[in-house]
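# Structural features, examined
So you can see what is in the structure, the chains are spelled out below.
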Amino acid sequence: MYSPPYPRCSNTRSNPPLHPLKLAIISCIHGNYEALNTVLSDIDDHNADQIFCLGDLVGYGPHPNAVVELIRSLDIPTVQGCWDEDT
């Protein structure tokens, strides 16, 4: 399982960053836990300040519960996708 060096990024407004924010946007994971871990590792390699998820965590992939648990454990802000309606 991916273990990031978080909490590196924070949404606090009291200390704005002195550099432009590097944002990572992910979506359409559809229960593909292995791919999610690979993408999160790549995001970490690029030193993103914040990750956002545009939804569709579940769907037809093999590990929807593991995907949701990982996203929640990392406190990644996520919007509900059309596949996520019953999650």
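Computed from a prediction, not measured in an experiment: that's the story for all the values here.

### Notes on the packing of aromatic side chains
The relation between two aromatic rings is expressed through the spacing of the ring centres and the mutual angle of the planes. Applying the stated rule across the entire model yields 1 aromatic pair. With a centroid separation of 5.3 Å and 85 degrees between ring planes, the pair formed by Tyr60 and Trp83 is classed as edge-to-face. Remark: Trp83 occurs in the segment after helix H2 (64-73) and Tyr60 occurs in the loop between strand E2 (50-53) and H2; sequence separation between them is 23 residues.

### Remarks on the packing of helix H1 (residues 33-45) against H2
The N-to-C vectors of H1 and H2 enclose an angle of 25 degrees; their axes lie 9 Å apart at closest approach. Classed by the angle they form, the pair H1 and H2 counts as roughly parallel. The residues of H2 that touch H1, namely those facing Tyr33, Leu36, Asn37 and Leu40, are Ala66, Val67, Leu70 and Ile71.

### So, the state of the cysteines
Counted according to the given criterion, the structure contains 0 disulfides. Residue Cys28 stays outside any disulfide, its sulfur separated by 7.8 Å from that of Cys82, the closest cysteine. Residue classification places Cys28 among the partly exposed residues on the basis of a relative accessible area of 48%.

### What to know about the side chain of His30
Note that His30 resides in the loop between strand E1 (23-26) and H1. With relative accessibility at 7%, the residue His30 sits in the buried group. Contact partners of His30, with chain neighbours within four places excluded, come to Asp56, Leu57, Val58, Gly59, Tyr60, Gly61 and Trp83.

How each quantity is defined
- Residues numbered from 1 in each chain as written.
- Predicted model: local features only at pLDDT ≥ 70, side-chain atom pairs only at ≥ 80, totals over all residues.
- Heavy atoms only, no water.
- Phe/Tyr/Trp six-rings, centres within 6.5 Å; stacked < 30°, edge-to-face > 60°.
- Helix = DSSP H or I, 4+ residues; strand = E, 2+ residues; numbered from the N terminus.
- Axes fitted to C-alpha atoms, helices over the stretch in contact; angles between N-to-C directions.
- Parallel < 35°, antiparallel > 145°, perpendicular 65-115°, else oblique.
- Contact = heavy atoms within 4.5 Å.
- Disulfide = S-S within 2.5 Å.
- Buried < 20%, exposed > 50% of the residue type's maximum accessible area, 1.4 Å probe, protein only.

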